[in-house]
Amino acid sequence: MEQQKENNQVKSFKIALIGDTGVGKTSIFLKYHKNTFNGNHITTVSIDFEVKNVKYNNNNYSIKIFDTAGQERFKSMITPYFHMADGFFVVFDLTNKNSLDSVSHWIELINDKKKDSKFIILGNKDDLENNKLKDNEINDVLNKIENYNNKLFYKVSAKDGKNLTEVFNKMLELLDNKNIIEEDNKSFGLKKTGKKQKISNNKKCC
Ligand code: GTP
Ligand code: MG
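Bear in mind that the values here come from a model prediction, so they are computed numbers and not experimental data.

Draft legend 1. Geometry of helix H4 (residues 103-113). Considered for burial, the residues of H4 that qualify are Val103, Trp106, Ile107, Leu109 and Ile110. Projected onto a plane normal to the axis of H4, the buried residues spread over an arc of 155 degrees and lie on a single side. Those residues of H4 hidden inside the fold are in contact with strand E1 (9-19), helix H2 (75-78), strand E4 (87-93), helix H3 (97-101), strand E5 (118-124) and helix H5 (135-142).

Draft legend 2. Representation of the coordination of the magnesium ion (ligand 2) within the structure. Taken together, the protein ligands of the magnesium ion (ligand 2) are Thr26 (OG1) and Thr44 (OG1), with distances of 2.0 Å. In this pair, threonine 26 sits in helix H1 (residues 25-34) while threonine 44 sits in the loop between H1 and strand E2 (47-56), placing the two residues 18 residues apart along the sequence. Accessibility expressed as a relative area gives 24% for threonine 26, which makes it partly exposed. Residue threonine 44 is classed as buried on the basis of its relative accessible area, which comes to 11%.

Draft legend 3. Representation of empty space enclosed by the protein. Enumeration according to the criterion identifies one cavity of 30 Å³ or more in this entry. Empty space within the largest cavity amounts to approximately 30 Å³.

Draft legend 4. Spatial organisation of the site of ligand 1. Around ligand 1 there are 24 residues in total, and Thr21, Lys25, Ser27, Thr43 and Asp127 lie nearest to it. With respect to ligand 1, the side chain of serine 27 contributes an N or O atom lying 2.6 Å from an oxygen atom. Histidine 41 places a side-chain nitrogen or oxygen 2.9 Å from an oxygen atom of ligand 1. Contact with the protein chains removes 92% of the 660 Å² of surface that ligand 1 exposes when unbound.

Analysis parameters
- Residues numbered from 1 in each chain as written.
- Chains lettered and ligands numbered in written order.
- Predicted model: local features only at pLDDT ≥ 70, side-chain atom pairs only at ≥ 80, totals over all residues.
- Heavy atoms only, no water.
- Buried < 20%, exposed > 50% of the residue type's maximum accessible area, 1.4 Å probe, protein only.
- Helix = DSSP H or I, 4+ residues; strand = E, 2+ residues; numbered from the N terminus.
- Arc of directions from axis to C-beta.
- Contact = heavy atoms within 4.5 Å.
- Donors = N, O, S within 2.8 Å, 3.2 Å for Na, K, Ca; no water.
- 1 Å grid on protein atoms, 1.4 Å probe; cavity = no way out; pocket = protein on both sides within 12 Å on 5 of 7 lines; lining within 4 Å.
- Points joined across faces, edges and corners; volume = space filled by probe spheres on them.
- Near = heavy atom within 4 Å.
- Polar contact = N/O pair within 3.5 Å; in protein donor to acceptor, adjacent residues only side chain to side chain.
- Areas by Shrake-Rupley, 256 points an atom, 1.4 Å probe, with all protein chains shown as cover.

Below, the structure is given as structure tokens:
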């Protein structure tokens, strides 16, 4: 049998998690990166990032994942970084209508900073059984969003990990079609995976 040729190139993408406070951005970030879940809400201040190396469809990817603060008071601090993300997960809480209503606002903020940005909408906390928004309620809101494509909405759970690998892979497919510059392993200059770093107010990132 003919063996598939190993692709040694590493493609590098920056992906940001955005959305209202408490929707579970940090929880998604930690579950995907470290396979951990913590029931506490320790609100994110500014932006954290991690680098994760992923193999998907015989390609090597290095994903720089940004976890951003959702609280209103940090918006002016995080939006200046939006221009450098290649793709966004816009997250809402499946038990919180306000967070769903905010999705269009977050997409406007992205579009202000970056034309034709790629985004996937995530309804998080799908493991919860009570007080979940009905599908028709969700569709009514999302269908009003410009350029919304219902193939780019997923229900996920940071608690049990539902759909997280799938949505990150989906994002890689979306971004890979954009023909973003490829780099080989040697010239690839990102910091080591697993080292969590915080971007403080006055430090430059990326
Ligand atoms: P900010 O940093 O303030 O913007 O919030 P965030 O979006 O990062 O929320 P965070 O990840 O801190 O989660 C908020 C709360 O929701 C925490 O108590 C989490 O444990 C809980 N939570 C997050 N994801 C899930 C999930 O998938 N299921 C359940 N049941 N709880 C979740
Ligand atoms: Mg957070």
